[in-house]
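Here is how the chains run, residue by residue.
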Amino acid sequence: AQTVTQSQPEMSVQEAETVTLSCTYDTSENNYYLFWYKQPPSRQMILVIRQEAYKQQNATENRFSVNFQKAAKSFSLKISDSQLGDTAMYFCAFMYSGAGSYQLTFGKGTKLSVIP
Amino acid sequence: EPEVTQTPSHQVTQMGQEVILRCVPISNHLYFYWYRQILGQKVEFLVSFYNNEISEKSEIFDDQFSVERPDGSNFTLKIRSTKLEDSAMYFCASSRDRGLNTEAFFGQGTRLTVV
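Computed from a predicted model, the values in this text were never measured in an experiment. Throughout, residues of each chain are indexed from 1 in the direction in which the sequence is written. To read the labels, note that chains go from A and ligands from 1, taken in the order they are written. Given that this is a predicted model, residues contribute local features only at a pLDDT of at least 70 and side-chain atom pairs are listed and counted only at 80 or more, while totals for whole chains, interfaces and linings are drawn from all residues. Remark: hydrogens and water are excluded; side-chain values derive from all non-hydrogen atoms of the structure.

> What am I meant to see in the state of the cysteines here?
Covalent bonding between the sulfur atoms of two cysteines defines a disulfide. All names here are of chain B. By disulfide we mean two sulfur atoms from cysteines, separated by a distance within 2.5 Å. The tally for this structure, following the rule as stated, stands at two disulfides over all chains. Each sulfur of the disulfide joining Cys 23 and Cys 92 lies 1.9 Å from the other. Residues Cys 23 and Cys 92 are joined through a disulfide that is left-handed, its torsion about the S-S bond being -65 degrees. Highlighted residues: Cys 23 in strand S3 (residues 19–24) and Cys 92 in strand S9 (residues 88–95), separated in sequence by 69 residues. In this pair, the class of Cys 23 matches that of Cys 92, namely buried. Counting from the N terminus, the helices are the DSSP runs of H or I reaching at least four residues and the strands are the DSSP runs of E reaching at least two. To sort residues, take the accessible area from a 1.4 Å probe on protein chains only and compare it with the maximum for the residue type: under 20% means buried, over 50% means exposed, and anything in between is partly exposed.

> I tried to follow unusual backbone geometry on my own but got confused; where do I start?
Excluding glycine, residues mostly have negative phi values, and the peptide bonds linking residues are mostly trans. For the bond from Thr 7 of chain B to Pro 8 of chain B, the omega torsion is -10 degrees, close enough to zero to count as cis. Position of Pro 8 of chain B relative to the elements: it lies in the loop between strand S1 (5–7) and strand S2 (10–13). You will see that Asn 62 of chain A, though not glycine, has its phi angle at about 55 degrees, which is positive. Structurally, the position occupied by Asn 62 of chain A is in the loop between strand S7 (60–61) and strand S8 (64–69). Note on Asn 62 of chain A: relative accessible area 77%, which makes it exposed. We note that Lys 73 of chain A has phi near 55 degrees; this positive angle belongs to a residue other than glycine. Relative to the helices and strands, Lys 73 of chain A is located in the loop between S8 and strand S9 (74–79).

> Explanation requested: the interface of chain A and chain B in the structure shown.
Note: interface size is frequently given as the accessible area lost on complex formation between the parts. Between chain A and chain B, the contact holds 25 residues from the first and 21 residues from the second. Carbon and sulfur atoms make up 54% of the area that chain A and chain B hide from each other, which totals about 2100 Å². Just to be clear on terms, a salt bridge is a Lys or Arg side-chain nitrogen sitting within 4 Å of an Asp or Glu carboxyl oxygen. Where chain A packs against chain B, one counts one salt bridge. N or O atoms within 3.5 Å of each other form a polar contact, as long as, within protein, one can give a hydrogen and the other can take it, and as long as residues adjacent in sequence are counted only when both atoms are side-chain atoms. Across the chain A-chain B interface, the total number found is five residue pairs in polar contact (both at pLDDT 80 or more). Elements with a minimum of two residues in the side of chain A that touches chain B: strand S5 (32–39), strand S6 (46–52) and strand S10 (88–96) of chain A. Tallying contributions element by element places S5 of chain A first for the side of chain A that touches chain B, with five residues. By the convention adopted, Pro, Cys, Tyr, Trp, Phe, Met, Ile, Leu, Val and Ala count as nonpolar, Lys, Arg, Asp and Glu as charged, and the other residues, Gly among them, as polar. Classifying every residue of the side of chain A that touches chain B by side-chain character gives 13 nonpolar, nine polar and three charged. By definition, residues are in contact when any of their heavy atoms lie within 4.5 Å. Buried area adds together the accessible area that both of two parts lose upon being put together, with accessible area traced by a 1.4 Å probe.

> Please clarify how the sheet that holds strand S8 (residues 75–79) of chain B should be interpreted in this entry.
Pairing between the strands of a sheet is mediated by backbone hydrogen bonds and can be parallel or antiparallel. Residue and element names in this part refer to chain B. Reading across from one edge, S1-S3-S8-S7 is the order of the four strands in this open sheet, with antiparallel pairing throughout. Edge positions in the sheet fall to S1 and strand S7 (65–68), since each of these pairs with one other strand and no more. This sheet shows a mean twist of 20 degrees between the axes of neighbouring strands, independent of strand direction. In terms of strand pairing, S7 meets S8 through four bridges, oriented antiparallel. Of the residues in S8, the one forming a bridge with Ser 66 is Lys 78. Strands are treated as partners if at least two bridges between them are detected by DSSP. Only the contacting stretch of a helix is used when fitting its axis, a line to C-alpha atoms as for every element, and angles between N-to-C directions run 0 to 180 degrees.

This is the structure in structure tokens:
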């Protein structure tokens, strides 16, 4: 079974600072994707960034980047130059293609507050 | 920008009652999903739906649950006889295709409270 663990239920960061959200996962699969989703208060969950397990290069999307350590099964999200609009719940998620299944497996989430 | 919409945002129902949660997926998407999150727990997969039939379901999705696409736009989740433990946030999602690199688009969720 695949599991995703986010060990930080809540975090806060000062505006313009950098913050790193942790995520670890457990799987015996080799071919999979990892995702970070963001859910602002009362809004839709939106995809922030994704990483293919076969790619060694860490994914980057503007101020968002990941540190993907495949051997350690770690997939942390770094947010640089934090903005008030980054205040949200962040979910780490995993997807693999075992037996034709493409369901997302999520962590519990980390509530991030950006402080002015 | 197109988005997945869910109604209602909050539903309160009495134990044993039937409830229908509604979703309008993005119009050109072909795959539809329901997930749920019990307070303080992980977001869990319930079911996926394609071509008017269930393509995959989890252990949670028992006979009390059903899904339907009654017309060309709506995608519904019905809970036949609600239990207290069905209280959760229910998320609908849709995607254009299916695969590891597929982006699923989520709705804002319906908070179901069973009393």
